[in-house]
Amino acid sequence: MMDANETIGSDARKAESAAMDAGRTATESGSGVVEVADAAIGSDIGKAGDPRRTSDKPGVQGVHGKRIAVVTMGVMLGDETKGYTRFRTLSKMLVDAGFSVDLVTTSFQHWEKAQRDTRNFPYDRYPFGIWFIMEPGYRKNVDVRRIRSHAVAAKNLKKLLDRTSYDLIYCEIPPNDVARSAGEYASAHGIPFIADVNDLWPEAMRMAFDVPVVSDLAFIPLAHDARCVYRDVTAVVGTSDE
């Protein structure tokens, strides 16, 4: 008999497996991801706080006339020294492939645990548009305030997407609730949704917080959000073959 944790983990893995079987999968290998985005937009699967963004880049039509939002909470930008660079690289590759791209991220720099100076950000340094959605932030990776912070970011992402228009959403997971907001928007508007799986929540959180029964109950919302994300995906991209 499986306990609650095993059931949650099993359901999440089944949902991810089903999503990967239904759509196309790719490792983070550059051109492969661009091909997935190109195929998703061209397939019959989908139809063609206060965020701040670059003033001269947004809305510029690419060769394809298609707009893509790349959503990530952990990208390294400007003169920052910590964070992921692959989402920035992917955004540029999509621009080079002829798409109009907005990189959507948070006002809070996860790695530095500090708010970004979005008013003096070097927007012109990049060939794609940039949106910063407001996120209050937190002090530690394992922090109750992080749950609230991600919830606020998820709500603000929904507000941003509701007032813009895209042909495809490419979103990092976790945070699960942020990815869920992106997936539900894509599903409601009949457009492709690609999930970039960076980690497995809540399974990975067991390494930091594993208290019988308490952990099972605490992780139920995360598992539910993950199931919703994998339910809505058109394709899944992984950072490894595992």
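A few points on the structure. Since the model is a prediction, treat every value here as computed from it, not as a measurement. (Residues numbered from 1 in each chain as written. Predicted model: local features only at pLDDT ≥ 70, side-chain atom pairs only at ≥ 80, totals over all residues. Heavy atoms only, no water.)

1. Observations concerning the pairing of strand β4 (residues 100–106)
For β4, the tally of buried residues reaches seven of seven residues, placing the bulk of the element in the interior. Bridging between strand β3 (residues 67–71) and β4 involves five bridges; their strand directions are parallel. Across the sheet, residue Ala 69 finds its bridge partner in β4, namely Asp 102. With respect to chirality, the unit in which β3 leads through helix α3 (residues 86–96) into the neighbouring parallel β4 is right-handed. (Buried < 20%, exposed > 50% of the residue type's maximum accessible area, 1.4 Å probe, protein only. Helix = DSSP H or I, 4+ residues; strand = E, 2+ residues; numbered from the N terminus. Pairing = 2+ DSSP bridges. Right-handed = clockwise from strand over helix to strand, strands pointing away.)

2. Some remarks on the side chain of Thr 72
Its location among the elements puts Thr 72 in the loop between β3 and α3. On the basis of relative accessible area, Thr 72 is assigned to the buried category, the value being 1%. Side-chain polar atoms of Thr 72 contact the backbone nitrogen of Gly 74, separated by 3.2 Å. Within polar-contact distance, the side chain of Thr 72 engages the side chain of Glu 172 at 2.8 Å. Beyond its immediate stretch of four places on either side in the chain, Thr 72 contacts Phe 87, Leu 103, Val 104, Thr 105, Thr 106 and Glu 172. (Polar contact = N/O pair within 3.5 Å; in protein donor to acceptor, adjacent residues only side chain to side chain. Contact = heavy atoms within 4.5 Å.)

3. With respect to the packing of aromatic side chains
This structure, assessed with the given rule, holds eight aromatic pairs. Judged by centre distance (6.3 Å) and plane angle (15°), the rings of Phe 121 and Tyr 126 are stacked. Tyr 126 matches Phe 121 in its accessibility class, with the two residues each being buried. In textbook terms, an aromatic cluster arises when at least three aromatic residues are bridged by ring pairs, as seen for Phe 121, Tyr 123, Tyr 126, Phe 128 and Phe 132. (Phe/Tyr/Trp six-rings, centres within 6.5 Å; stacked < 30°, edge-to-face > 60°.)

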